[in-house]
Every structure is written in C-alpha cells, then in structure tokens.
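Fold and contact review
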Amino acid sequence: MKKLTFLASALFLGAAISFTSCGKDDEDNGPGGNGGGDLSGEVSGTLEAGTYLITSDIIVPEGQELRLQPGVILAFDGDGLSPETSPEITVFGSLISEGTEANPVMFTVPEDRRDVSNAFEGFWGGIQGMATAEAIVLRHTIVEYTGAPARQSDSYDAGDPRYAILTSSPSTVFIFDHSTLRNIADDGIRPDGGARIAIVHSTFYNCGETGGEGLNAKDGTTGDIAYNLFYGVATNGSKPAGEGDGVPQTEINTYNNTFINCGFRRVQAGRGGSINYEQGAKGKVYNNLIVNCRFGLRLRGDRLPDTLNIPYDYQHYYANDPVDEDNFWPSTDVDANGNRLTREKPNDIIQVDPMFVNYSVSTNKTQGVPPSGADFRLQSNAPGANAGYTGFSPYRSSLSAGGVTVTVPGPSSFIGAFGTN
Amino acid sequence: MFHHHGSKKQFPRAKKSWFISGLLLLSHYVFPAKFEGKVVSEDNEPLIGATVSILDLNLHITTNIDGTFSLGTLPKGTHKAYISYIGFLKQEVEITVKGENDVVFQVIKLKEDPSLLGEVVITTSYEGTSEAGARAAERNSAVVLNAVSAETIEASPDITVANVIQRVSGLTVERNANGDGQYAIVRGMNKRYNYTLVNGIKIPSPDNENRYIPLDIFPAELLDQLAVSKSLTPSMEGDAIGGVVDLRMKEAPKKKILTASMSSGFNTLFIDRPYDYFNTSAVDFQSPMQRSPSDARVATLEYYSTENLNFEQRNLNPNPFAAGTLRPNSLGSFTYGDRFKDGKLGVIVAASYQNTFRGANRIEFGISDNEFGSPNPRVSRFQDRRYSVEQERAGIHSMMDYQINKRNKIRWYNAMVHLENNETRVIWEDGLRDANLERTLENNWRAQVNRQRIYNSTLQGEHVMSDELTIDWSLVYSLATQDMPDNSQIITVSNYDTPGRELRWLVHENIVRIWEKNSDQDYASYYNFTWTPTTYKKLDLKLKAGGLVRIKRRENFFDLYSFRPNPGSQEYIPYETNYEDLSWRITNGGGTPSHVLNYQSYEDIIANYGEFQFRKNKTQFIGGVRAEHTNQGYITKNDNIPGGEQKYWSILPSLHIKHMPTGKTNIRSSYFRSISRPSFLEIIPYRRPGTEEIRPEGGNPNLRPVDAHNFDARFEYFPTSTDQILIGGFYKIINNPIEQAILAPTDPQFPQFLPPSTTIIPVNLETAINQGIEVDYMKRFTQGYFKNFGIRANYTFTDSRIESIKRTRTEITEDNYDQLTPLQRETLGIGDTTLLNVMQSRPLQGQSRHIGNLSLFYRNKKKGFNAQVSMVYTGSRIAVVSAGLDTDWWMREMIQLDLSIEKTFAKNFVAFVKIANLLDTPYELYIKRPHMPQVGINELQPNSATETLVRRDFYHRNILFGVRYNFNQ
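Residues numbered from 1 in each chain as written. Chains lettered and ligands numbered in written order. Predicted model: local features only at pLDDT ≥ 70, side-chain atom pairs only at ≥ 80, totals over all residues. Heavy atoms only, no water.

1. Some details on the nonpolar core
Membership of the largest hydrophobic core comes to 60 residues, with the highest contact counts inside it found for Ile89, Phe107 and Ile127 of chain A. Ranked by residues supplied to this core, first place goes to strand E3 (residues 50-60) of chain A with four residues. Summarising the domain contributions, this core has at least three residues from each of domain 1 (1-193) and domain 2 (247-421) of chain A. Core analysis: the second largest hydrophobic core is formed by 35 residues, Leu215, Val228, Ala350 and Ala415 of chain B among them. (Core = buried A, V, L, I, M, F, W, Y, C linked by side-chain atoms within 4.5 Å. Buried < 20%, exposed > 50% of the residue type's maximum accessible area, 1.4 Å probe, protein only. Helix = DSSP H or I, 4+ residues; strand = E, 2+ residues; numbered from the N terminus. Domains from an automatic or database assignment.)

Here it is in structure tokens:
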C-alpha cells in the first residue's frame with residue numbers, strides 16, 4: 001500500500017524526487033536521475049542522486065524512513081560555531097543510505113569546503129539517532145567534516161562537539177558497511193545509549209583533532225567490528241565501554257582489523273592507541289594488526305572493563321619507533337582478581353614487519369591520512385598471512401534493517417583486515 | 001521596599017482598613033497590669049542582664065542595658081518577685097497589683113555578694129546580646145530552642161556564623177573547600193531539611209540549584225543572637241524537618257553605643273608552601289556572548305581575557321614588606337547605635353569587613369564501584385590538591401525603629417552580606433595507569449571567582465488595636481545573587497613524544513571557560529493577628545491567626561566555551577608561560593544558551609495559620625494548624641525540556657506543651673508536622689550526559705515534597721540566669737525522603753523513568769526514621785576553687801535509618817528474574833550475573849551517631865581577662881552516598897580545638913587572640929571496604945587491608961589578633 005506524503009516543511013527544488021510511503025519494505029524507488037535541491041525540516045521517502053544543500057536541521061520523523069540512493073550528496077552548510085548555525089540530520093525513524101562502490105552516498109559540506117585543511121573544523125552536526133530510531137544503515141557511504149557544538153540533550157552537555165554518528169537505544173540497528181568516516185573533529189561513531197552494531201569492511205581516518213575515537217561505544221552496545229582499517233585516529237580506533245548495569249552489557253568482538261598510526265594526536269601520555277576496552281565492556285579480541293600505534297590492546301579505564309571475559313590473542317604488533325614497543329602492552333594493568341595482565345600471549349606476533357603489499361611501515365606515525373595508492377593487504381609470505389585464529393563466531397552472523405541485510409564475516413586465518421593479495 | 005514587578009498576585013488590600021479600624025479602637029485601649037522598674041547596684045549603676053522572676057506566675061525577664069525591666073501581664077493580688085544577678089545577693093520583693101491598669105514601679109538595689117566583693121565589673125551589653133539573654137530566649141521560647149549570644153560569640157574563636165553554629169547541641173557543619181563550616185546539619189538532617197532566617201524573615205539562597213543558605217557568608221559580628229529552633233509552631237514556616245537557624249541581628253540599643261574592632265593574622269598553611277593567586281581584576285564579569293554585538297559569534301580570542309590566567313605565587317615572609325610577601329589577613333567591624341526623640345527613634349548601623357587568606361592541602365583518589373569481578377571499590381587516580389583562597393566577606397546592616405505612639409511601632413531593617421571567594425586550585429594528578437616509562441600525569445590550575453550576595457529589606461509594623469487585639473506585619477524584599485565569571489583552567493598533561501622521551505608538559509586537548517550567574521528575588525508579606533480575650537485572662541488565652549504570601553523569582557545563566565589547543569601540541573611551563581602565548585581554537589563560539597542551567601524558577605507560597613495559646617495551672621499549651629500552598633515551577637531555555645510546575649497544599653498541625661513546675665524548670669513535649677520542598681533544579685526533567693568520572697544525572701518532575709511527623713521532649717533546668725541543664729529527645733518519621741538513586745533504563749522499581757542509560761536521579765524513598773537524645777550543660781562557677789571558670793558542654797546521640805537503593809552484581813535466579821528489564825532478558829538468563837537493585841539500610845547522609853561540644857572558659861572580670869578553649873567532636877558520618885552496596889563514603893570522626901584569649905586595657909579597649917584549628921585536624925573520607933588490588937597503590941593507602949581512603953584535607957591553623965573598642969554611654 002503506497003501513499004504519497006507531502007511534507008509541508010520540506011522544500012525541494014529541482015524536484016526529481018519521488019515521495020513514497022514510509023513502509024519498511026519499500027524497495028520501490030523512483031527512476032534514478034537528477035536529484036538535488038534544498039532540504040529542511042522533516043524529510044522522508046527516497047532521495048535520488050544529486051546534491052542537496054541543507055542549511056538547518058533535517059529530521060527523519062519517528063516511524064518514517066529516509067532512503068538515499070547511490071550518488072546522493074547531502075551538503076550540510078554550517079559554520080561549526082553554534083548548534084543553530086551547524087545543521088544535523090536527526091533520526092527518529094530510519095535512515096537507509098545505500099551507495100555503491102562507484103557511486104557512494106556522501107554526508108559532507110558544500111564542495112568549496114571539502115579540503116583536508118578543514119578536517120577538524122567540525123562544520124556540521126552529524127547523524128544523530130534518537131531513542132526511537134529503528135535503524136541507521138550506511139553502506140558505501142562517506143561521512144566527513146562533522147563535530148559542531150551541540151545543544152543540551154540526553155547525550156550532550158551544551159557546547160560539546162557532536163559525534164559524527166550517534167545512536168541512543170540498545171534496539172537501534174547500526175550498520176556501517178564498506179563506508180568511510182574521515183576528517184572529523186571529535187568522536188566518530190558513538191552508540192551512547194547502545195545499539196546493535198555491525199561495523200565491517202569500513203575505513204576510518206583522520207578522526208579527532210586532539211582527542212576522539214573512531215568508535216566509542218557505551219552502555220548496551222552489542223555486535224562486531226571486523227575487517228576495518230583505522231588510520232590516524234586521534235585516540236583509539238575502537239573503544240568499547242559501558243557500565244553494564246541495567247541494559248545488555250556492552251559486548252563487542254573486535255577481530256581482523258588493521259590499526260595504523262592511532263593515538264598520536266592525543267597529547268597526554270598513557271591513554272588511547274588502538275583498541276581499548278573500558279567500563280564493564282567485554283568481547284573477543286583476535287587477529288588485529290596494530291602498526292605504529294601509541295598503545296596496543298588495553299583493558300582499562302577509570303572504570304575497568306569486564307577483564308575476566310575478554311579473551312584475546314593472535315594480535316600482530318609492530319612499531320617503527322622503539323619508544324612505542326614498550327606500549328604494546330602496559331605493564332601495570334591487573335585484572336579483577338589482581339592478576340597482572342600480560343602481553344605474552346602465546347600466539348601474538350611482536351615487532352615483526354607485517355609486510356604490507358604497498359605501505360611502508362616507516363611512514364611517520366603521526367600522519368593522519370593514508371598515502372594515495374597505499375595497499376594494506378599482506379604479501380603472501382607475510383608473518384600474519386596464516387597466523388589468525390578462527391575458533392570463534394561473530395556476535396551476530398548477520399544484521400538486517402530497512403530491507404538491507406549485512407552478513408558479518410567470521411574470523412579469518414590471516415591477521416588484519418585485508419588478507420593477502 | 002516592596003515591589004510588584006511581574007507578579008500577578010497582589011497583597012491583601014485589606015491592610016489599609018486595618019489601620020483605620022486600629023485607629024478607631026485606640027480610644028478603648030486599656031493597659032494591662034505590669035511590674036516595671038530598674039535594677040541597680042548600691043552605687044546606682046544599672047545592672048544589665050539581671051533576672052526578675054515572679055515564680056508563682058512563671059514569669060521571667062532579664063534587665064535591659066539601662067537596668068530596666070517590664071514584666072506582665074499580672075493578675076490582681078500580691079506577688080513575690082525575685083531579683084538575682086551574678087555576684088550579687090538575691091533579693092525578694094513583694095508587689096501588690098490593685099487593678100487591671102496598675103503599673104507597679106520599683107527601683108531595686110542589689111547588694112554585692114561579700115564573697116565576691118570587688119570582683120564584678122559591669123559589662124557593657126544589652127538584652128539578647130548577653131549570655132543571660134540567650135538563656136532567657138531558650139527558657140521563654142514556645143519551641144525547643146538553643147541560642148548563642150553575641151557575648152559568647154565575641155569571646156569565642158569564631159568569625160563566621162557557620163563557625164558558631166557547630167557549638168549548638170545537635171548541630172554539625174558541612175565544610176567548604178578551605179575547611180570552614182558552610183551548611184548546618186541539624187540533628188542528622190542535612191542542609192536541605194533546614195531553613196535560615198534573618199530576624200525571623202526567611203531569606204533566599206545565592207545557590208544556583210538549592211534553597212539552603214551558605215552560613216559562611218555571614219560575619220559573626222553582626223549577630224545579637226543565633227537561635228536554632230528545633231520545633232515549629234503554626235506561626236512559623238513549615239518547611240524545616242531538622243530545624244530553623246535564625247540570625248537575630250543587632251537591634252537599636254536603649255542608649256548610645258559605639259564599638260569597633262580591628263584585627264589581623266594569618267594561616268599557618270602558607271608557612272609551608274606558597275599562596276597561589278591570579279589577577280582577579282582582569283576577570284570579565286560578563287560572558288563573551290553578553291559582551292559581543294547582537295547575534296555575533298564569539299569565536300575570536302579577543303573576547304577572552306588572558307591576564308587572569310597568568311598564575312603567580314606569594315610567600316608568607318617574616319619580613320612583611322619584602323617583595324612577593326603574602327598580605328596578612330585584615331578584619332574590622334563597627335557598630336553605632338543610639339536613640340533619639342525621647343527614645344522613640346532608635347537607630348543602629350553595624351558593618352563588618354573580613355579579608356582573609358585561607359586554603360587547604362588535600363589528597364584525593366578517583367573511586368569507582370560495581371566493577372566487574374569484585375564488590376570492592378577501585379582506585380583509579382590520585383590527586384594532590386592545593387587550594388589558595390582569598391576570602392572577602394563584608395556585611396552591613398541597619399535597623400531603625402520608631403515608636404509612633406504607645407500603640408503603634410514601626411521598624412525598618414536593611415542588610416547586605418557579601419562573600420567573594422577568589423580561589424586558585426592547583427592539582428597534581430597521577431592517572432595510576434602507568435605504561436612502562438610514560439606516566440599519565442596532569443596538572444591543573446583553576447582560577448575561580450565566586451561572588452555571593454544577599455540583600456534584605458524588611459519594613460515591619462506592630463499595632464495595638466485594643467487591649468485584646470494586636471496586629472503585626474512585615475513587608476519584605478530580598479535578593480540573593482551569585483556570580484561565577486570566567487571559571488577557567490589551564491590543564492597540562494604529561495607527554496613523552498620527543499626523541500629522548502623526556503617529560504614535557506603540554507596543554508590539555510580540551511579546556512573550558514564558564515560564566516555562571518543566578519539570582520533569587522523574594523517579595524513577601526507576613527501578617528499576624530493576636531487576640532488576647534480579657535474574659536479568659538486566667539487562662540492567659542492568646543489566639544493568633546495570620547499568614548504569609550511570598551513570590552519568588554529565580555534566574556539562572558550558564559555560558560560555557562570550549563577551547564582546543566591549536567596546534568595540538570603546545571608546551572606550558574607553570575609560572576613562566578604567558579597565557580596569551582598559547583593559541584586556541586574555540587569550538588563553540590555561540591556559547592551554551594540551551595544548557596540546562598539556563599532556567600527560570602518561580603515559587604509562590606501562600607500560607608495561613610491559626611494558633612492558640614493558653615495556660616492551665618503550670619502548663620502552657622500552644623498549638624494549631626498551618627496550611628501552606630506551594631506553586632513551584634520552572635521554564636528552561638531549551639525547547640527539549642518543557643516547563644512545568646507542582647502545586648500542592650500542606651496541612652501542618654502542631655501542639656506544644658510546656659509544663660513549668662517551678663520557675664527554673666520546664667518540661668516540654670511537642671508534636672509538629674513539617675515538610676521539605678524539592679530543590680529548584682531537581683524537579684526539572686533534564687538529563688546531563690556523564691563523563692568518564694561522573695555518571696549521567698537528571699531531574700525528576702514527579703518528585704514529591706518530603707513530609708515528617710516530629711516528636712520532641714525536653715527537660716530544662718535553669719538554676720541561674722546563665723547556667724542550664726537541658727535533656728531532650730526527638731523522634732521523626734520522615735515520609736518520602738529525597739535521595740539520589742541510580743536508575744537503569746526502565747528500572748522496574750521506577751517505571752516512570754526512561755533514561756537512555758543508567759542515570760543518577762533524585763527519588764522519594766521509603767519512610768525514614770530519625771531519633772536521638774540531646775544533653776546541654778552550662779555552668780559558671782561564681783565561688784570556690786574554680787571561681788571565674790565556666791563550662792559549656794553538649795552531647796547528641798542520633799540514630800537514623802533509611803532504606804536506600806543500591807546496585808550490586810548479583811547472580812540471576814528464578815526469584816530475581818522478574819527484576820530484569822526486557823532488554824536484559826534478551827541477553828541474560830538464570831545463572832548469569834548482572835547489576836540488580838538491592839535495598840540497604842543506612843543512616844541519613846550527614847548524620848553522625850555521636851556529636852559533642854566542650855568549651856572551658858575563664859572569665860575574670862576584675863582583671864578583664866577571658867580565655868576559652870573550645871572543642872567540637874563530630875562522629876563519623878556518611879558524607880557521600882554511593883551507588884554500590886557498602887561503598888558509601890564516610891567522614892572519619894574528628895576533634896577540632898579552638899582557642900581564644902582576651903584582655904581589657906585602658907578601660908574601653910580589649911586585646912584578643914583567636915586561634916582556630918589548634919590540632920590541625922584532618923578531614924578524611926573513606927570507604928569501609930578494602931580497594932581492589934592494584935599495582936603501586938598501597939603506599940598511598942595507609943589502611944589498604946580494611947578500608948579505602950578517598951580524601952584527606954589539612955587546613956592548618958588560623959591565627960588572629962586584634963583590638964576591640966567599646967564605648968557605651
């Protein structure tokens with residue numbers, strides 16, 4: 001059953017856009033073509049390829065869905081100084097962004113400001129999922145130049161930088177598949193009130209000016225982070241945390257990811273560098289390749305993670321600066337029973353060149369953007385090529401929302417995200 | 001003066017007609033019979049504070065500054081009056097009242113007690129001010145009351161009202177950062193359960209969220225008497241469950257007085273270490289948005305002053321004129337009072353100024369509970385803190401009273417108190433998360449100006465309409481403000497990113513500068529009608545009715561700006577790097593207009609009461625009922641937080657029975673019902689996100705006021721005008737006590753909440769009980785071996801119980817499975833372990849089981865020498881309620897010792913020395929559980945095996961010496 005909805009508050013120019021119903025099973029999009037124009041207020045239905053200029057907040061209402069077709073560019077025109085002048089997309093319903101490798105969807109700023117020199121200006125307010133949000137699905141989608149200050153809300157004190165992507169309920173489905181998060185001012189993905197997540201085959205780089213994680217999960221987040229590249233993130237690539245009281249305990253498996261150059265824009269010693277489990281979080285940690293990062297896997301914070309339920313092994317560590325070798329594993333950490341946590345896991349690979357196909361491990365560790373042409377796959381004779389652990393399953397084998405199903409691949413026999421060429 | 005700005009409510013128009021009817025009734029006026037006179041020595045010197053009693057009528061009074069007294073109402077017949085005064089022989093006189101209008105006047109000459117001959121010097125004080133006046137207030141009060149006189153305060157080591165309050169039985173203080181008392185805890189009931197009056201008028205608070213008044217804002221020298229009422233009559237406002245602190249300011253004297261004092265001193269803290277400071281004159285009191293042209297964003301650094309963030313240090317130097325020397329403390333006060341127009345017009349002006357340098361050395365640990373794998377708390381960081389505070393405290397008050405004629409009197413009272421704390425806080429922090437070589441360290445300098453002011457103007461009238469009817473009224477305007485401009489920090493962190501891995505201090509990734517301001521305006525009118533029907537004279541019947549209308553308007557302003565260092569790595573060398581040499585990116589140039597602390601509150605109270613008072617044989621009954629209507633509401637500037645209000649009636653009955661078997665003894669018993677309203681912020685449905693150290697917190701619009709049934713009994717014995725023995729007990733049933741609870745989303749216990757994650761929210765808990773025993777003892781030895789010595793002692797035992805919600809990691813069983821939320825059930829089953837609510841019985845926060853005071857003093861009036869040692873014992877109590885089971889933060893018991901010595905010289909001058917905190921008693925918080933095992937912690941935790949230290953403060957000694965000048969006509 002289809003019904004045309006007219007959204008009075010939305011103003012579309014050059015309107016080659018089909019208004020469709022908000023049905024979750026709605027696969028029926030208008031013909032591809034000349035989308036574009038201005039967007040404001042409540043928005044739902046399907047947007048076709050084209051550039052849309054957004055000067056004030058756009059809202060996906062509760063129970064409704066906004067679908068973005070390949071080639072959609074949402075250009076948020078903000079100055080990053082105040083909530084009023086830095087628009088966001090607020091999701092009370094579902095946001096389904098389906099780009100393709102050739103035609104990704106972009107959440108960005110107007111073209112004249114898309115320059116890496118503006119990486120940390122935080123021009124616009126990001127994708128803000130509220131407690132009623134059913135799903136935020138981003139496939140082949142790029143999110144960049146976010147981090148503008150927030151209004152007071154459940155998740156922000158007034159003036160805090162907004163996260164690039166926020167979710168607020170343990171029931172929200174968040175899929176980040178073959179997508180890119182880059183050039184953002186502070187935290188990237190923040191399941192603040194929890195979420196069911198699948199973060200796979202994605203790339204994070206140049207995230208956080210002087211602090212901020214690629215993923216900073218809080219209470220009630222469950223799922224998998226696998227086959228991703230974290231490059232040049234200010235603090236940690238991935239930080240599962242959560243109080244574990246009242247909502248499902250945060251449980252995230254982190255496996256087969258590649259972390260490079262993470263942790264060096266946070267000036268304070270002793271925190272943040274690749275993977276950090278904190279505040280009651282648990283999950284399996286295997287097969288991660290950690291190169292030139294300030295720290296290796298850490299199991300601590302101001303509140304401890306669930307240290308007794310974080311099985312870990314089979315990571316591959318390498319540092320081109322001997323200074324960082326000591327920090328693959330900090331020596332003073334103890335688990336909840338007072339036993340010292342050791343880095344001497346039998347199957348870890350320590351300080352052996354990982355042998356990337358095309359990336360020099362002597363690249364300056366503070367570089368935030370991967371060099372063009374870099375290939376992070378492993379050479380066939382690389383030490384990690386066949387050193388992975390496959391004896392476990394993902395938290396979920398697949399995750400679906402808005403008619404999209406993403407398969408979460410299980411662990412591989414190689415270490416890192418990309419395998420061999 | 002009273003204004004009607006912006007308020008819809010009008011004061012009763014009836015007032016004018018009362019004046020007119022009052023005038024008409026004047027012709028019928030009849031004087032009640034009285035015994036009046038003057039008590040003098042054999043040299044005709046007036047004796048002040050002498051006691052005149054008619055025992056069979058249980059009437060007592062102390063003489064005024066000129067020795068006069070007036071005692072009434074007397075029935076027809078012959079009565080025996082006793083006149084006594086310390087150092088004099090007691091005298092008995094017989095008086096005969098012939099009729100209703102009769103005034104018996106006598107001058108009574110007391111003979112000096114030969115055993116004390118030549119030892120008594122007449123002190124220059126007047127009623128209320130004197131020790132005897134305070135005892136009279138306690139004895140004659142309708143309620144359970146404790147009073148401290150100006151005479152006692154002057155001789156004590158105390159310089160603020162908050163110092164004084166801890167000397168009263170049943171009272172302890174909550175301290176501020178530099179160790180001074182700040183809030184009163186009355187009988188274990190913390191600050192939210194008490195209110196503060198100035199001359200019987202409730203004053204607003206400069207606090208940005210709460211109602212309670214910081215008592216350290218009041219200089220002690222302005223007081224005539226500090227009175228704490230622990231029970232309430234219908235004519236008193238009903239929102240105290242612990243008690244009411246009434247600051248009775250100096251009243252216009254009978255004759256000219258002039259006193260002045262000057263003193264100076266220092267805190268020994270700054271002998272050991274320098275005093276940190278910043279340039280307070282460079283602080284902008286308006287926020288950047290307030291100063292910027294309309295609608296402009298203030299992302300440029302020119303809007304932010306830099307000179308106030310260049311921190312400096314001073315030393316306490318033996319040579320006070322040496323460069324860089326810390327200025328000594330300076331304190332001064334002045335009082336002038338006189339009476340004009342044949343005594344009809346009385347005036348007093350009193351002022352006090354104190355500029356002191358205080359501070360604290362503190363160690364503090366970061367603590368978390370409910371960690372996985374252990375029920376014990378975990379220590380996550382260690383801080384060494386250094387506070388340096390310049391405290392400027394000033395107060396001025398004036399009172400004028402005018403006797404228009406015999407039947408009409410008006411009084412106009414104005415007071416302004418001011419407290420400015422310029423605090424420099426330096427923190428050295430060890431993150432206790434050391435990598436092999438890189439330690440996570442942090443330094444923090446904070447410059448904080450906090451200026452609080454309370455202003456009150458009260459116009460009062462008293463009109464005798466007939467011999468049966470009296471009317472009194474008050475019109476009140478009060479204003480309380482707080483300003484915290486440019487609350488800023490410099491934070492530096494350890495960094496080793498150099499080739500040689502040497503430690504560098506770099507500017508922290510994110511710092512904030514905050515401008516906060518709030519104000520609270522009260523417009524109030526009080527009115528009381530007192531009817532004393534002559535037909536029931538034998539019963540001494542008095543009927544009172546009256547009420548109050550108060551309109552309160554509050555305004556809160558909060559503007560925060562975040563800064564990121566730009567570039568990210570900038571070195572900072574303390575006391576060398578200039579703030580203007582650092583460069584920043586301002587990440588929210590628009591400020592924070594949507595912050596929850598930008599809110600307006602209002603509260604309209606309408607109260608009415610009826611009260612009766614009569615006496616049957618030797619027993620007095622006072623009782624009645626009070627009805628208070630509350631309309632408390634709020635408006636925020638954040639569209640996501642809707643405005644709201646709470647309206648309710650509180651019906652508060654009370655009955656006070658005072659049995660007076662002899663003139664020196666009272667046996668009291670009383671019941672009253674009272675309430676305590678939620679604070680201004682906590683009923684707003686806001687939520688603030690947490691940080692790594694602080695859990696998210698929120699408000700609760702469903703919060704109900706606390707109400708309590710209070711039972712009191714007290715035996716009182718007053719052997720002389722200054723001695724006393726009081727033994728009392730109390731029992732309180734407290735319904736809906738407000739406590740902080742940690743609530744998970746859809747907590748089955750509180751289904752009305754839906755926080756997105758576990759949040760601290762104020763809730764009404766199950767009924768609590770609070771009971772205790774108080775004993776007060778005062779004795780001055782007038783002869784014998786201990787002549788001139790005196791003792792003041794009190795002890796309070798308090799025992800309270802409240803069932804509070806705690807969270808603890810629990811194995812899920814069939815029995816507790818229904819406690820799981822639907823979300824938890826998705827991932828948890830029988831046999832798993834998760835956090836569940838448990839109820840834990842514990843004492844009320846702030847309640848010490850044992851508290852006591854002991855003062856020993858020596859007063860030799862002949863030699864003009866006084867000395868006093870005062871000890872306060874505060875038993876251990878819960879200072880902070882934690883979320884986890886058995887992990888509350890307890891304050892360790894403490895004994896504080898203070899000393900003061902004074903010596904009169906050149907007739908009108910007194911030299912004095914006061915030393916506070918002689919023992920340099922530490923203030924300690926600890927958890928009654930060992931901490932989780934952690935490397936490198938044990939040397940910082942002295943009793944690691946049994947407890948976890950949370951905080952320890954040292955405040956050192958305050959030494960003050962000065963001169964006081966008294967002139968009395």
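2. Describing the environment of glutamine 367 of chain A
Residues and elements named next belong to chain A. The residue glutamine 367 is located in the loop between strand E31 (356-358) and strand E32 (375-378) in this model. Residues glutamine 367 and arginine 265, 102 residues apart in the sequence, show an inter-C-alpha distance of 9.6 Å. Once residues within four sequence positions are removed from consideration, glutamine 367 is found in contact with Tyr231, Gly232 and Asn261. (Contact = heavy atoms within 4.5 Å.)

3. Looking at the domain arrangement of chain A
All names here are of chain A. Considered domain by domain, chain A is made up of domain 1 (1-193) and domain 2 (247-421). Contact residues are listed per partner, giving 16 residues for domain 1 and twelve residues for domain 2. Summed over both partners, the interface of domain 1 with domain 2 comes to about 870 Å²; 75% of that surface belongs to carbon and sulfur atoms. Seen at the junction of domain 1 and domain 2, the total is zero salt bridges. When contributions to the side of domain 1 that touches domain 2 are tallied by element, the ones reaching two or more residues are strand E4 (65-68), strand E7 (94-98), strand E10 (135-139) and strand E13 (173-177). Here the side of domain 1 that touches domain 2 takes four residues from E13, the largest share from any one element. When grouped by side-chain class, the residues that make up the side of domain 1 that touches domain 2 number nine nonpolar, no polar and seven charged. (Buried area = accessible area lost by both parts, 1.4 Å probe. Salt bridge = Lys/Arg side-chain N within 4 Å of Asp/Glu carboxyl O. Nonpolar A, V, L, I, M, F, W, Y, C, P; charged D, E, K, R; others polar.)

4. Structural notes on the environment of serine 82 of chain A
All names here are of chain A. Relative to the helices and strands, serine 82 is located in the loop between strand E5 (72-76) and strand E6 (89-91). Under the relative-accessibility criterion, serine 82 is labelled buried at 0%. In this structure, the C-alpha to C-alpha distance between serine 82 and alanine 158, residues 76 residues apart in sequence, is 9.7 Å.

5. A closer look at the environment of valine 347 of chain B
Residue and element names in this part refer to chain B. Assignment of secondary structure puts valine 347 in strand E19 (residues 345-368). Exposure remark for valine 347: the relative accessible area of 16% places this residue in the buried category. A C-alpha to C-alpha distance of 27 Å links valine 347 and asparagine 44, two positions 303 residues apart in sequence. Ignoring anything within four residues of it in the chain, the contact list for valine 347 reads Ala252, Pro253, Tyr336, Gly337, Asp338, Phe340, Met399 and Met400.

6. Quick look at the sheet that holds strand E7 (residues 103-110) of chain B
Sheet strands pair by backbone hydrogen bonding; their relative direction is either parallel or antiparallel. Residue and element names in this part refer to chain B. Reading across the sheet, the three strands line up as E4-E1-E7 and stay open at both edges, with mixed pairing between neighbours. Strand pairing shows two members of the sheet lacking a second neighbour, strand E4 (68-72) and E7, which therefore form its edges. When strand polarity is set aside, the average angle formed by the axes of neighbouring strands in this sheet is 20°. Pairing between strand E1 (residues 34-41) and E4: five bridges, direction antiparallel. Pairing of phenylalanine 35 across the sheet is with leucine 71, part of E4. (Pairing = 2+ DSSP bridges. Axes fitted to C-alpha atoms, helices over the stretch in contact; angles between N-to-C directions.)

7. Overview of the packing of aromatic side chains
Aromatic ring pairs are defined here through the distance separating the ring centres and the angle between the ring planes. For the structure on display, the rule yields 48 aromatic pairs over all chains. Between tyrosine 156 of chain A and tyrosine 163 of chain A, the ring centres sit 5.0 Å apart and the planes meet at 35°, which makes this aromatic pair tilted. A relative accessible area of 3% places tyrosine 156 of chain A in the buried class. Taking the relative accessible area as the measure of exposure, tyrosine 163 of chain A reaches 9% and is therefore buried. Where phenylalanine 270 of chain B meets tyrosine 275 of chain B, the ring centres are 5.2 Å apart and the plane angle is 85°; that geometry is what we call edge-to-face. Across the pair, exposure class does not vary: phenylalanine 270 of chain B and tyrosine 275 of chain B are buried alike. A cation over a ring is seen here: lysine 779 of chain B above phenylalanine 781 of chain B, with NZ or CZ 5.7 Å from the ring centre. The residue whose ring lies beneath arginine 809 of chain B is phenylalanine 372 of chain B, and the NZ or CZ to ring-centre distance is 3.7 Å. (Phe/Tyr/Trp six-rings, centres within 6.5 Å; stacked < 30°, edge-to-face > 60°. Lys NZ or Arg CZ within 6 Å of the ring centre and 35° of its normal.)

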